Structures are given as C-alpha cells and as structure tokens.
Amino acid sequence: MPVHSPLIVIAHRGASGERPEHTLLSYELAIEQGADFIEPDLVPTKDGVLVARHENEISGTTNVAAHPEFADRKTTKTIDGEQVTGWFTEDFTLAELKTLRARERLPQLRPGNTRFDGQAEIPTFDEVIALAKRASRATGRTIGIYPETKHPSYFASIGMPLEARLVDKLKAVGWDRADAPVFIQSFEVNNLKQLKTMTHVRLIQLMSASGGPADHAAPSYAAMATPEGLREVARYAYGIGPERAMILPSSGTPTSLIADAHAAGLKVHPWTFRAENFFLSPAFRNGTNPAEHGRLAEEIRYFIGLGIDGFFSDYPYIGVSARASASPAPAD
C-alpha cells in the first residue's frame, strides 16, 4: 500500500552499512539500492575545498596514521567545547588528503566492510554532486544530495566558514530553488539562519535527544522540540531531523513530536535507521549480539506509520523495501 508521497529515503553517509562511509563506493551503492538522496557531511581542507567526512578528525575513517610523512600533523584541538586528538582535514591540502584511503569506521559491528579498506579516496563535494547528476541521467530518477555543515561555528572561528563555499557550489550547478533536489542540514541554528539569507534550497534543523546546539542559539534541543520551539524553527527551516529517540524513547511510547512539528508546518526526517541490534530500538532487536541484524524494516515501517516524511538509513535497500510495504500514516 503506498504511503503519503513523497516519503524520501536518505542514504546516511551513503550505503554505510555495507561500504566505508562517505566514499563514492558507498554513495554509488546507495543509488543502486534506490535511495532518493545521498548524504555528504562537509568539512574543509587547508586550501578551502569541501570534502565528505563525518568529522574533520580523520584517524577513524582513513589510514592517515599509517602515513609517516603526516605523523607531525597529529594534534589536539578543542571543537565544540570538547578536546579531540588526531589528524584534521583543515591541516591538509586536498592533494595531501587524496593520498589517503578510506577505511571502515565500525569494524567491530561491520567486519565485512573492512574488505573495502584502502579502495576509496576521500571524495570532494564536487565529486559527490557530479555523481548525483550523472546517476540522475543514467537512472532517469532524480538523485538528490543532503549535505550537512559540520561544526560550522568552529570553522568560522578559525577563518574557514562553510556557508558561502557550500552555497557557491550549489549555485554553480543550478541548485538555488526551493524545489532543487537539495536539503542543507545542521545541528547548529545561526548558520541555518545565515543560509536562509543566502540560498533558496530547503534547510533542515537537526536535533539530538540530548544536549543543545554548539552555537548556544537555543538552551537545548528539548526546548527546540516543544510546540513553541518548533514554531521558531519553522521561521527559518523547512523541516527537522530529530534523533529517533525523540520520537520513540526507550519507554516504547511515542512522543507528540511528529504531530507538533507538522502543526508548525515542518517536515520530519529522523535519523538514523541501522540494522545492527546495537542501534535498533529495543522492541526491534534480535538476540543480544550487538552486531547481529535485527528487524530494521519493521522499525522503519513503524515510524512511517507514525507519520514521518522521510528518514536517514545506513541500509537504503531495507529502507526502500520498507517504504514500499508500509501502510500509510493517518492524516494529522
């Protein structure tokens, strides 16, 4: 039975359940599996090029530690109030980053993905856009992109703001309209408000089940998720990207967040739907092995039934299948 349209499947870091995240291998597989959008998290290089990495610290997702020529780049920085030690994209030129190779970030949970270690480079944002455009022509489907600005206030503080770089790239390929196949997402608030003045593409306010935005523009995500807070978000954003637990807490009783967001005129794209027991809501786990796959399709169908408008998944093919077999959500 078809769901209310269009409910979108967003490939979280690509098909990252099956390939090392934020690689063209991962994005290409996600497109093959039917994802509507591929998600690059964006951080800058020393020479100002946007690349796709979940974090600017890259020791967990590349082989940088095995490169003796970069040993002296290891350092400790304070990012969003936390000390982080490792190697950071902003200390490397693009040419230097291109000498590195990606590796699986979660080998304990996804050992099968380690066979792809060393096969892929760090892709640039340009390369991700080009892939989406190329795949759209090849498949006859519109493949969108869903970029996230990572640590925007940190990068602004070191003189490397992300916003103009991102908007310029989108405008260069003709994506500056509300109906462009693009969403820009951020856990911060002020950079989304700034982006609202710079581009017409749709903006998504990300929210976590704990804490608050790193730019301290709101006291907490919980405050932003109240009816009053959501009305404020709706002044600059098209939708919200809440952590799943904000909709379905461990208690098993859904909250009113979807209905409250819809009442404020916001779409709801929760994150992240993953197959491993370690990540699943308790009701959808199989056994006790954290790496074993539980009933992800059931969990996704459950959330679709609650009325979400799209979702992020590390396993796009499961998401596409679940969407096809889900019952429609009741009207708000």
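See the structure shown above.
Residues numbered from 1 in each chain as written. Predicted model: local features only at pLDDT ≥ 70, side-chain atom pairs only at ≥ 80, totals over all residues. Heavy atoms only, no water.

A.B. asks: How should I be thinking about empty space enclosed by the protein in this particular structure?
C.D. replies: It is the rolling of a water-molecule-sized probe over the atoms that shows where space remains empty. Enumeration over the complete set of coordinates arrives at one cavity of 30 Å³ or more. As a volume, the largest cavity reaches approximately 40 Å³. Taken together, Arg13, Ser16, Glu21, Glu104, Arg105, Leu106, Arg110, Arg274 and Asp314 make up the full set of residues lining the largest cavity. The residue inventory of the lining of the largest cavity, partitioned by class, reads one nonpolar, one polar and seven charged. (1 Å grid on protein atoms, 1.4 Å probe; cavity = no way out; pocket = protein on both sides within 12 Å on 5 of 7 lines; lining within 4 Å. Points joined across faces, edges and corners; volume = space filled by probe spheres on them. Nonpolar A, V, L, I, M, F, W, Y, C, P; charged D, E, K, R; others polar.)

A.B. asks: Is there a simple way to think about the nonpolar core in this case?
C.D. replies: Ranked by size, the top nonpolar core spans 83 residues in total, and within it Ile38, Ile145, Leu170, Met207 and Ile240 carry the most contacts. Among the elements that make up this core, the one with the highest residue count is helix H3 (residues 125-139) (six residues). Ignoring anything within four residues of it in the chain, the contact list for Ile240 reads Ile204, Gln205, Met207, Leu230, Val233, Leu257, Ala261, Leu266, Lys267, Val268 and His269. Judged by nonpolar contacts, the second largest core, of nine residues, contains Ile10, Phe37, Tyr146 and Leu206. (Core = buried A, V, L, I, M, F, W, Y, C linked by side-chain atoms within 4.5 Å. Buried < 20%, exposed > 50% of the residue type's maximum accessible area, 1.4 Å probe, protein only. Helix = DSSP H or I, 4+ residues; strand = E, 2+ residues; numbered from the N terminus. Contact = heavy atoms within 4.5 Å.)

A.B. asks: Can you help me understand the side chain of Arg274 in this one?
C.D. replies: Topologically, Arg274 is positioned in the loop between strand S12 (267-268) and helix H10 (296-306). On the basis of relative accessible area, Arg274 is assigned to the buried category, the value being 13%. Of note is the side chain of Arg274, whose polar atom sits 2.8 Å from the side chain of Asp314. Excluding residues that lie within four positions of it along the chain, Arg274 makes contacts with His12, Arg13, Arg105, Arg110, Phe279, Leu280, Leu296, Asp314 and Tyr315. (Polar contact = N/O pair within 3.5 Å; in protein donor to acceptor, adjacent residues only side chain to side chain.)

A.B. asks: How should the pairing of strand S11 (residues 239-242) be read in this particular structure?
C.D. replies: Along any regular strand the residues' side chains alternate between the sheet's two faces. Residues Gly239 and Gly241 line one face of S11 and the alternating positions Ile240 and Pro242 line the opposite face, and both faces are buried. Of the strand pairs in this sheet, strand S10 (residues 202-207) and S11 are connected by four bridges, and their pairing is parallel. Its bridge partner lying in S11, Leu206 is registered against Gly241. Between the parallel pair S11 and S12, the chain is carried across by helix H9 (residues 257-263), and the sense of this crossover is right-handed. (Pairing = 2+ DSSP bridges. Right-handed = clockwise from strand over helix to strand, strands pointing away.)

A.B. asks: Where do I start with the packing of H3 against helix H5 (residues 163-172) in this structure?
C.D. replies: Helix-helix packing is characterised by the crossing angle of the two axes and by the distance between the axes. Relative orientation of the contacting elements H3 and H5 amounts to 30 degrees, with a least axis distance of 11 Å. Taken as axis vectors, H3 and H5 run roughly parallel relative to one another. Two packed elements cross with a definite hand, and for H3 against H5 that hand is right-handed. Across the interface between the two elements, Phe125, Asp126 and Ile129 from H3 touch Leu166, Lys169 and Leu170 from H5. Per-class residue counts for the contact of H3 with H5 are four nonpolar, no polar and two charged. (Axes fitted to C-alpha atoms, helices over the stretch in contact; angles between N-to-C directions. Parallel < 35°, antiparallel > 145°, perpendicular 65-115°, else oblique. Left-handed = near helix turned anticlockwise from the far one by under 90°.)

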